[in-house]
Amino acid sequence: MQLHPKQRQIIGSKARFKVVRAGRRGGKTFMSIEDMLYIAMSGDDRNVFYIAPTQIQARKIIWEDLKARLNGVGKVNESRLEVEVPTQDGGNSRIYIAGWENRENFRGMSADHIVFDELDTMVGFIAGWQDIFRPALSDKKGSATFIGTPKKENPNLRRLEKVAEVEGDYAFFHYQTKDNPHIDPDEIEAARKQVDSESFRQEYLAEYVTSGTTLFNYDALVDMKSNTVTKDGNKYLIVDVAGGGKDKTKFGFFDGMELTRIETFSGINTETIIQKIKEYAANERIPFSHIAVDAIGEGAGVASSSLLEGVISYKGSHSPFYTDKSLTSENKFTTHYRNLRSQCIFALADVVNKRQIASRVGEQEMGLIIEELFTYQDVSKGDGKRQATGKEQIKEMIGRSPDSSDLLQMRMYFEIRKTATGQDTVEDSRRLETQQVNFANKRKRAIINNTR
C-alpha cells in the first residue's frame with residue numbers, strides 16, 4: 001500500500017506514543033491498517049487492539065478494509081471482530097477490533113500496540129486510558145497511536161498534545177485533508193465554499209474550534225497541574241456526598257487555592273461520612289467554618305448533623321451572593337447570577353483562566369476534572385442573570401456526574417463570601433446576613449425533620 005508523505009512520517013517515527021490530529025478523509029484508516037499489520041506480523045504472539053468510539057463504528061470504519069488488505073491471509077472471526085495473522089517467524093498474532101463502550105473487556109489483557117481512532121468522540125477517554133489500556137502495555141512495553149479529527153465536546157487529542165510537549169516518548173503529528181493526494185483539490189475547495197467556516201476548519205484543516213460560550217480555557221485547565229499559587233495558611237474541606245447509583249462520595253482537600261488531594265469512597269452511609277469529616281477536620285486542622293457539604297439529597301443528613309455544627313450546608317440552587325467586583329480584578333459585574341452554583345462556576349472559570357488556582361491530584365482524577373469543566377458553557381438567557389450549564393445537562397454530555405469538578409466549584413463559595421463580607425454598605429451587609437440566616441434555618445429544619 002502506497003502511503004503519502006505525512007503517513008510515512010508517522011509510521012517511520014520511533015516514538016512510543018503517537019498523537020495524530022488529521023483532517024477528514026486524510027487517510028487515517030489505511031495508515032492504521034498498515035501500522036497494525038506491520039506490528040502484528042513482525043513478531044510472534046503479539047496482541048494488537050483497534051478501538052473506535054463504538055463497536056458499530058469499528059466495524060464500519062476498518063473491518064472490511066482490514067480483511068481486504070489481508071486478502072484471505074489469516075483466520076477471521078466475524079462475530080468477535082478478531083483476526084489471527086501469521087508472523088514472519090512462523091507464529092501467530094491477533095488483532096482485536098472493538099468499540100470504546102466495551103473497554104472493560106480489555107481489562108487485564110496485555111497488548112503490544114493499540115490504535116485509538118476518532119479519539120475526540122470517546123467519552124471518559126483519559127480515565128479509561130490510564131486505568132485499563134496504559135497498564136495493558138506495561139509488561140511488553142507496548143506502543144499506542146491516538147488518531148482523530150478534533151471535536152469540541154471531548155478534547156482528548158488536545159490533552160495528549162499537551163502531554164507530548166513535555167514527555168519524550170510522545171510525538172505529535174498534524175495533517176490536513178489536502179495532504180492526502182487521493183482527494184481532489186477541487187472537492188476540498190468546493191467544501192470550503194459550501195460549509196460554514198467553523199466546520200471547514202475543524203473537519204478539513206483539523207484545527208481546534210472553541211465555542212465563544214465555553215467558560216474554561218482548555219490550556220488553562222491543563223496548566224492547573226503546574227500552576228504555583230501563594231498560600232495563606234487557610235485549609236478547606238469540600239464534601240460531595242453520593243446521590244445514589246454509581247455516584248461516589250468525594251472529599252476534596254485545599255490548601256488555600258491549591259487542591260492537594262481527593263479521597264473517594266463508594267457505599268458509605270451518613271454516619272460514616274460524618275465521622276470521616278470529624279477525623280479529617282481534626283487531623284488536617286480544618287475549622288468547621290472552612291468545610292462545605294453538598295446538602296442535596298443524601299448530603300442533607302450530613303450537613304444538618306448536630307455533630308457538624310458550623311459546617312456550610314451548600315446548595316447550588318440557593319440565591320447567589322451579591323458582590324460588586326470579581327474575585328481577581330476590580331472590574332464591575334454588570335449582571336447577577338441565576339443561582340449560587342452558576343455564580344461559583346463563573347468564579348471558578350475566572351481564577352482558572354487567570355492561572356490563580358492549582359491542583360496536585362493524580363493524572364486520572366485531573367483528567368476527570370478537565371473533561372468536566374471544559375464542558376461548561378455560558379447559557380445565560382439575556383435576562384440579566386448569568387447562568388452556567390446545569391448539572392443534569394453535564395451528566396448527559398459526559399455520561400456521569402461531574403463530582404470531581406464539583407469540589408472545585410464548591411470551593412469558590414468561600415472566595416465569593418470573602419468579597420461579600422468585605423463590602424461596606426449596609427445593604428450588602430444585610431444581604432450577606434440574610435444568606436447566612438437562610439443556611440442556618442435550613443439546617444435547623446433538617447434537624448427537626450430527622451428527629452421525627
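Ordered by their spatial adjacency, six strands build an open sheet running β13-β12-β9-β10-β11-β15, and the pairing between neighbours is mixed. Lying at the two open borders of the sheet, with one neighbouring strand each, are β13 (312-314) and β15 (358-359). Pairing between strand β9 (residues 235-240) and strand β12 (residues 291-294): three bridges, direction parallel. Paired with Ile238 across the two strands is Ala292, which belongs to β12. Those strands touched by helix α12 (residues 363-374) are β10 (249-255), β11 (258-265) and β15, and its axis lies near 100° from that of β11.

Moving on: the sheet that holds strand β4 (residues 82-86). With mixed pairing, the eight strands of this open sheet are ordered in space as β3-β4-β5-β2-β6-β7-β1-β8. Lying at the two open borders of the sheet, with one neighbouring strand each, are β3 (75-77) and β8 (170-175). Sheet twist, expressed as the average angle between the axes of neighbouring strands with direction ignored, equals 15°. As defined by bridge partners, strand β1 (residues 17-22) adjoins β8 across six bridges and the pair is classed as parallel.

Attention now goes to the side chain of Arg411. As for its placement among the helices and strands, Arg411 is situated in helix α14 (residues 403-421). Looking at Arg411, its side chain comes within polar contact range of the main-chain oxygen of Gly256, at 2.9 Å. Those residues within four positions of Arg411 in sequence are excluded, and the remaining contacts are Tyr236, Ile238, Phe254, Gly256 and Met257.

The phi dihedral of Lys141 falls on the positive side, at around 50°, and the residue is not glycine. Tracing the backbone through its elements, the reader meets Lys141 in the loop between α4 (125-136) and β7 (143-148).

So, on to the pairing of strand β6 (residues 113-116). Side-chain alternation along β6 places His113 and Val115 on one buried face and Ile114 and Phe116 on a second face that is also buried. Read as a crossover between parallel neighbours, the route from β6 over α4 to β7 is right-handed.

Relative to the 20 Å expected for 14 residues at 1.5 Å per residue, helix α2 (residues 28-41) spans 20 Å between its end C-alpha atoms, a close match to the ideal helical length. Burial runs high along α2: eleven of the 14 residues are buried. Where α2 is concerned, the buried positions are Lys28, Thr29, Met31, Ser32, Ile33, Glu34, Asp35, Met36, Leu37, Ile39 and Ala40.

Let us now look at the environment of Thr270. Looking at the secondary structure, you find Thr270 in helix α9 (residues 270-284). Assessed through its relative accessible area of 23%, Thr270 is described here as partly exposed. The spatial distance from the C-alpha of Thr270 to the C-alpha of Gly299 is 7.8 Å, given a sequence separation of 29 residues. Leave out the neighbours within four places in its chain, and Thr270 touches Glu298, Gly301 and Val302.

Here is what the cut-offs are and how they apply
- Residues numbered from 1 in each chain as written.
- Predicted model: local features only at pLDDT ≥ 70, side-chain atom pairs only at ≥ 80, totals over all residues.
- Heavy atoms only, no water.
- Pairing = 2+ DSSP bridges.
- Helix = DSSP H or I, 4+ residues; strand = E, 2+ residues; numbered from the N terminus.
- Contact = heavy atoms within 4.5 Å.
- Axes fitted to C-alpha atoms, helices over the stretch in contact; angles between N-to-C directions.
- Polar contact = N/O pair within 3.5 Å; in protein donor to acceptor, adjacent residues only side chain to side chain.
- Buried < 20%, exposed > 50% of the residue type's maximum accessible area, 1.4 Å probe, protein only.
- Right-handed = clockwise from strand over helix to strand, strands pointing away.
- Expected span 1.5 Å × (residues − 1).

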